[in-house]
Amino acid sequence: MGNKVLILCNTNVFPSRLFEQRGVDFHQYFNAEISFAAKILRRLTLSVGFFRRNFWYGKWFYQLGRYDTILLFAINDIKDVIKDVEKFTKSGQRKIIYFWDPVFRISECLEYPFEKWSFDVQDCSKYNLIYNSTFYFKQIVSDVQSAVKLDYNSVYFIGLDKGRRKLISEIQETLKLMDIHTHFIVFDDNVKERITFEENLKNISASNAILDLSQQNQSGLTVRVMESIFLAKKLITNNSLIREQAFYHPDNIFIIGNDVMSDLKTFLLKPYNKKHVESFQDYFDFDNWMRRFEV
């Protein structure tokens, strides 16, 4: 992908230090350290095209010329960002839009004049995108707090509502009736302030299983699946297609709608099969994810 890479995103799913340790610059599209009133002003001025570069972008914008590749995570309402990146870069610089969410949620990004890649095989086929999987970082494994007491009878979920709140509540009630402990955190879709990366790792460390709920018409693997593989946690998922993945093992993954719910507690108490998934950590690690863009 070239010697110097810039990744732009709207979220702090991963701390920027993890990217920097791999030699990649990572920034959020807009400066997050501003007041609520300033955010309202930003939205107003962006909508009419004023003061975009001067006030709202981070320092990344003034360094665009340094990069061989600029990789932008697809989100809504970045049409002006796309225009400015296109205007202030040269033709020799590679520009990529990466869909880390199903296309139906961010379909406007299909119109952008950059290379288009997706984590979802079905979306790639439907919209003529190029496939590259989800990714994770091996060094996160060393960040997990081993001193946290593990509850072998527990399931952890964290995520945005995305129309799933009713389903999440139903699953939580089912687990409680089975005397399985739950730690579920559901955010409204428009909430910006969430728990920290470190807090999330601590919660994962204390739990034996992670609940993964794919959105309707989604086949791409989520970050929850990566956490399961890298942090050796059981996975409970509604993604029936995961059975087709090479890393699938019934000791590690329970599929809602395919497996028998009454067997869930037995599943949780079985040892996790680490040996089966260790080889897949290399494939999903960030460095190899980056290499797969070199087609």
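Structure shown above.
Since we're looking at a predicted model, the values are computed, not measured.

Description of the packing of helix H8 (residues 197-206) against helix H9 (residues 223-231)
Item 1. Their axes nearest at 12 Å, the elements H8 and H9 cross at an angle of 60°. With respect to H9, the axis of H8 lies oblique. As for the relative orientation of H8 and H9, their crossing is right-handed in sense. The segment H8 lies against H9, with Asn 200, Leu 201 and Ile 204 engaging Arg 224, Glu 227 and Leu 231.

Describing the sheet that holds strand E9 (residues 207-212)
Where strands meet in a sheet, backbone hydrogen bonds hold them as pairs that are either parallel or antiparallel.
Item 1. With parallel pairing, the five strands of this open sheet are ordered in space as E8-E7-E9-E10-E11. Two strands close off the open sheet at either side, each with one partner strand: strand E8 (181-187) and strand E11 (253-255). Within the sheet, the average angular offset between the axes of one strand and its neighbour, ignoring direction, is 20°.
Item 2. Taken together, the three bridges between strand E7 (residues 151-160) and E9 define a ladder with parallel strand orientation. Counted as the bridge partner of Asp 151 is Ser 207 from E9.
Item 3. Across the sheet, helix H7 (residues 165-177) touches E7, E8 and E9, and the angle it forms with E8 is around 170°.

Considering the nonpolar core
Item 1. Of all hydrophobic cores here, the largest spans 49 residues; its most connected members are Ile 7, Phe 14 and Trp 289.
Item 2. Among the elements that make up this core, the one with the highest residue count is H9 (six residues).
Item 3. Setting aside residues up to four positions removed in sequence, Phe 14 forms contacts with Phe 19, Phe 26, Trp 100, Phe 135, Tyr 136, Phe 137, Ile 140, Phe 197 and Val 223.
Item 4. Membership of the second largest hydrophobic core comes to 28 residues, among which are Tyr 57, Phe 61, Ile 70 and Val 103.

So, the layout of surface pockets
If a probe the size of a water molecule is rolled over the atoms, the empty space left behind becomes visible.
Item 1. Taken as a whole, the second largest pocket holds about 460 Å³ of empty space.
Item 2. With four residues, helix H11 (residues 274-284) is the single largest residue contributor to the lining of the second largest pocket.
Item 3. Partitioned by chemical class, the residues of the lining of the second largest pocket number 15 nonpolar, five polar and five charged.

Conventions we followed
The written sequence of each chain sets the order in which its residues are numbered from 1. Given that this is a predicted model, residues contribute local features only at a pLDDT of at least 70 and side-chain atom pairs are listed and counted only at 80 or more, while totals for whole chains, interfaces and linings are drawn from all residues. Working from all heavy atoms in the structure, the side-chain values ignore hydrogens and water. All axes are obtained by fitting lines to C-alpha atoms, using only the stretch in contact for helices, and the reported angles, taken between N-to-C directions, cover 0 to 180 degrees. A run of DSSP states H or I qualifies as a helix once it reaches four residues; a run of E qualifies as a strand once it reaches two. Both are numbered from the N-terminal end. Here is the rule for angles: anything less than 35 degrees is roughly parallel, anything more than 145 is roughly antiparallel, 65 through 115 is roughly perpendicular, and the remaining ranges are oblique. Helix crossings fall into two classes, left-handed where the near helix is turned counterclockwise from the far one by less than a right angle and right-handed where it is turned clockwise. Contact between two residues is taken to exist if any of their heavy atoms lie within 4.5 Å; hydrogens are not considered. Should DSSP find at least two bridges between two strands, the strands are taken to pair. By nonpolar core is meant a set of buried Ala, Val, Leu, Ile, Met, Phe, Trp, Tyr and Cys residues that side-chain atoms within 4.5 Å join together. The buried label applies to any residue whose accessible area, calculated with a 1.4 Å probe on protein chains only, is under 20% of its type's maximum; exposed applies above 50%, and partly exposed to all values in between. Using protein atoms alone on a 1 Å grid, points that fit a 1.4 Å probe yet trap it form a cavity, whereas open point sets bounded by protein on both sides within 12 Å along at least five of seven lines form a pocket; residues with an atom within 4 Å of a point count as lining. Grid points are joined across faces, edges and corners, and a volume is the space filled by probe spheres set on the points. When residues are grouped by polarity, Ala, Val, Leu, Ile, Met, Phe, Trp, Tyr, Cys and Pro land in nonpolar, Asp, Glu, Lys and Arg in charged, and all others, Gly among them, in polar.

Keep in mind these values describe shape, not function.
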